[in-house]
Each structure stands twice: as C-alpha cells, then as structure tokens.
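So you can see what is in the structure, the chains are spelled out below.
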Amino acid sequence: MKKKNYLHNPATLKIDLMLRGTRIDDPVVKAWACGSSGVDIMLPEKTLVNIPCSEEFTRNSPYLIKKKGSGYLITDGASEVEVSLVERPAFYNRRTASGVPLSSIAVVHGSYTVITPSQRCDFFNRSIECKYCAGNFNVTGRDGVVYSVEEVLEAVEAVLKEKASEIIYFSIGFSDSDDGGIEFLKPYILAVKKNFNCLVAVEALPPKKNRWIDETYALGADSVLYNLEIFDKELFEIICPGRATLIGHKRYLEALEHAAKVFPSGTVASHLIVGLEPPGSTCMGIDYLTGIGVVPILPIYRPSANRALRIEPLDTEIILPVYKHLYKSIKKNRINVNWVRDISMVTTPVELKAIVNGPRQRSIVDGFYKSRLGKKTAWGLATLRRKLRVIDREDDSE
Ligand code: SF4
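Keep in mind the model is a prediction, meaning the values are calculated, not measured. (Residues numbered from 1 in each chain as written. Predicted model: local features only at pLDDT ≥ 70, side-chain atom pairs only at ≥ 80, totals over all residues.)

S.K.: In this structure, what is going on with the environment of Tyr-217? I would like to understand it.
M.R.: Turning to its location among the elements, Tyr-217 is positioned in helix H6 (residues 211-219). Separated by 46 residues in the primary sequence, Tyr-217 and Phe-263 place their C-alpha atoms 6.9 Å from one another. (Helix = DSSP H or I, 4+ residues; strand = E, 2+ residues; numbered from the N terminus.)

S.K.: Explain the sheet that holds strand E3 (residues 47-51) here, please?
M.R.: Either a parallel or an antiparallel arrangement is found when strands of a sheet pair, and the pairing is made through backbone hydrogen bonds. What the six strands build is an open sheet, ordered E1-E4-E5-E6-E2-E3; its pairing is mixed. A single partner strand is all that each edge strand has here, and the edge strands are strand E1 (23-24) and E3. Pairing between E1 and strand E4 (residues 64-68): two bridges, direction parallel. Looking at E4, one finds that Arg-23 is bridged to Leu-64. Against the sheet, helix H1 (residues 10-20) engages strand E2 (39-43) and E3, with an angle of about 10° to E3. (Pairing = 2+ DSSP bridges. Contact = placed C-beta atoms within 7 Å. Axes fitted to C-alpha atoms, helices over the stretch in contact; angles between N-to-C directions.)

S.K.: I keep staring at the sheet that holds strand E13 (residues 295-297) and nothing clicks. Help me out?
M.R.: Taken in spatial order, the seven strands line up as E7-E8-E9-E10-E11-E12-E13 in an open sheet, and their pairing is mixed. The open sheet has two free edges, formed respectively by strand E7 (106-109) and E13, since each of these has just one partner strand. For this sheet, the mean inter-axis angle between neighbouring strands, taken without regard to orientation, is 25°. In terms of strand pairing, strand E12 (residues 268-271) meets E13 through three bridges, oriented parallel. If you follow His-271 over to E13, its bridge partner there is Ile-297.

S.K.: Can you walk me through the nonpolar core in this structure?
M.R.: Here is a general trend for soluble globular proteins: nonpolar side chains tend to be buried in one another's company. In terms of nonpolar packing, the biggest core is built from 102 residues, with Leu-256 and Ala-259 touching the most fellow members. With seven residues, helix H9 (residues 249-262) is the single largest residue contributor to this core. (Core = buried A, V, L, I, M, F, W, Y, C linked by C-beta atoms within 7 Å. Buried ≥ 20, exposed ≤ 12 C-beta atoms within 10 Å, placed from the backbone.)

S.K.: Explain the site of the ligand to me, please; I cannot follow it from the model alone.
M.R.: Taken together, Cys-121, Phe-123, Glu-129, Cys-130, Cys-133, Phe-137, Gly-173 and Phe-174 make up the full set of residues adjacent to the ligand. Across the shell around the ligand, the residue classes break down as six nonpolar, one polar and one charged. (Near = placed C-beta within 6 Å. Nonpolar A, V, L, I, M, F, W, Y, C, P; charged D, E, K, R; others polar.)

S.K.: Which parts of the structure should I look at to understand the pairing of E4?
M.R.: Side-chain positions along a regular strand alternate between the two faces of the sheet. For E4 and strand E5 (residues 71-75), the ladder comprises five bridges, and the chain directions are antiparallel. Bridge pairing links Leu-64 to Thr-75 in E5. In textbook terms, the turn of a hairpin is the stretch between consecutive antiparallel strands, and for E4 and E5 this stretch comprises two residues, one of which, Gly-69, has a positive phi near 60°.

Here is the structure:
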C-alpha cells in the first residue's frame, strides 16, 4: 500500500507528528528540546506543535528534524517541509527573588502557560492514580513543593512581559475536599486578576457541589476544564480508579453541564484522550460534550515505557475522522471556539477546519482576537458578563 504523506497539510501533519513523534538530527535542538514534554515546532500556516521526541516509540518515527542552512526542516525521507524552532522563553533562565527557577513554576505551551502551585495529587497516596499519569504529581508521603502567591506573581509577570502567552492556566491535582481545590487556588487567582490584565483558566477535578463551580466563576476564572479523559465508563473505571471511585463518571458530566450554564460559550472544556479508548467511543464522548455546550479537547496519548495503554492499531488514518467529527459537532452545536486555539499540545478546533477543508482555512476571527482591539473586547466582555451572571445567581439564591 502507498505510504500516506501528511507533509502537505500542517493540520494533519501536526496529528501525525503528535502520534508518531520525531527523531532529531541536530545536536543543538537535541540538547535543549527533549525534556519530558517534547519539542515545540512551528509548522507552516502558523501551526504550533509539541512533538514527542524522548519516548521509546519515537525511535521508529519516519520523521526527522534536520538543519538546513540557517533554518530547519522536517522530512519523512521522501519529502520535506520547512519549519522553525520555537525558542524557549528567556525567563526560563531566571529565578524568583526566593531562588526558585521560573521554569519550574510556569511552563509555556503556545497561547497558554501552565502554573501548578502545588505538585500534589492525593490519588498517589491511596495508590489509585490514573494509569497514564506521568507521575509529576507523585509526592507520596510528603507535602511536596507549594509555590507562594508572590512566587507565582513573579512568574506571571515574566510570562506577560515577554508576551510568551495570553492565558494563565492554573492546574491542580486531586485533594479530598468538597471544593475540588478551588479554595486552595483562590488566593492565586485573585492576586493574578488584581495585578494583571490577563485571562485565567482553571484545570481541576470537579468539586462535589455545584456552588464551587459558581465560586470559580465569581473569583474571576475565565475558563474551566474538568478533564473526563475517557468517555467509556468501563474503561474510565479501569484506567482512572481514583477519579472513578472518589468522583465518578456521572459527577464529571453533571459538573461540566453546570459549568457550561455558568461560563460563556466555548470556555468550558474537557479532554478526551485519543488512543485510550476506541475511536467510536471518543466520538460518542464528543457528541455528549458538545450537546451540553462543552468543548472537547483531544490530546493524543503518549505511551511511556511501562504504560502501554494505547488502543492498537492506531494511526492517523484511523483518528482523522474523529477530529473531523469534532469539527462538525462543534459547528452543529454553535460552540464558540476562539478560546481553545494556538496550543502546541493538542489539535485545536480552529485547526480542525484545515483538516476538513485543507490548508489556509484559519478563521478571520482568529486575527481579530489577536489584535489589540480584539483582546480588549474579549476582556471587557468577560468582565461584564461575569458581573451580570454573579448578580443573577445571587438574586436566584434569595
Ligand atoms: S488526577 Fe490523575 S492524571 Fe491528574 S495528577 Fe492525579 S493521578 Fe495524575
């Protein structure tokens, strides 16, 4: 059978690269690129991708990153495409006043920067952690590092000054409290909102009661993610024992549905990991989530040495229809997709358009939201909407 060539369309190439990874034939790139989270590359059409390059499966990848003149290219042996390296932010080389490397606090992934103030997930203490988890949150038996509000503010200032990202994305592991960790994140969110004019997203596990979702919105979060990861209930129970026993599949869906009623369209999202369940099951998850107004985000599972959880066979031909299905479902349910874009780790809904219609199909709305006027409009609207909704909900509770 003729080998499929994805190099002509950056959106499909991004998926194939995330699935198969790359080898690297340049000592400079090799030296700084292959940490635990791959190498950030800009493909044509301003398509940003984070490509796995250190995991074992990447050794068999047909792709190779090579130097060509003063630039770089990716080749599959038969054809090639020019690409550019995404430079590491300069602040990665600096430390906070207290001596913490800023790169330990803030990790840039294109349009958003992840900050994890506490590297603790209590699933590890009970040995019920998610089976695909990289273990970065494993502080079993210890308290682990907790960054102070001041340290986080220093990191956010560095991100924004350098214009490294536009969205600060707070992430937290599991803690056995009713609020899903939002009380812990509260001082960080309030301080960032008070000191900077930026957008804030919260990635957490669903709280037990909906009032904590209302609280998350009232605090100033512009977006929330409760990542279900696997739609199939049985596989969810097997692969995510902690989430299944202490939160439950049903609670994920209830919390997402409630959040989508509180937050503006397109700002509530949930990951479904491609490769951990059959593609048909991911499509059912897409239908369900878009039906309740939630944006499904589809990262591709990266198997590490002892975690061969991937559904096989899995190749780009098999998973492209899943991404096409996502695009159609989002359109059908008229969900705003401007929030989830320009992310290196996943294919965003905006890039899906290029998968369905071919390259050069990025939305003109994209340009608008990137302009100064567009950003101002987005922030202004977000603040106004929040005020109105919070007042609304206070009235309801009387
Ligand atoms: S919730 Fe699961 S994936 Fe997230 S840190 Fe805990 S064990 Fe890892």
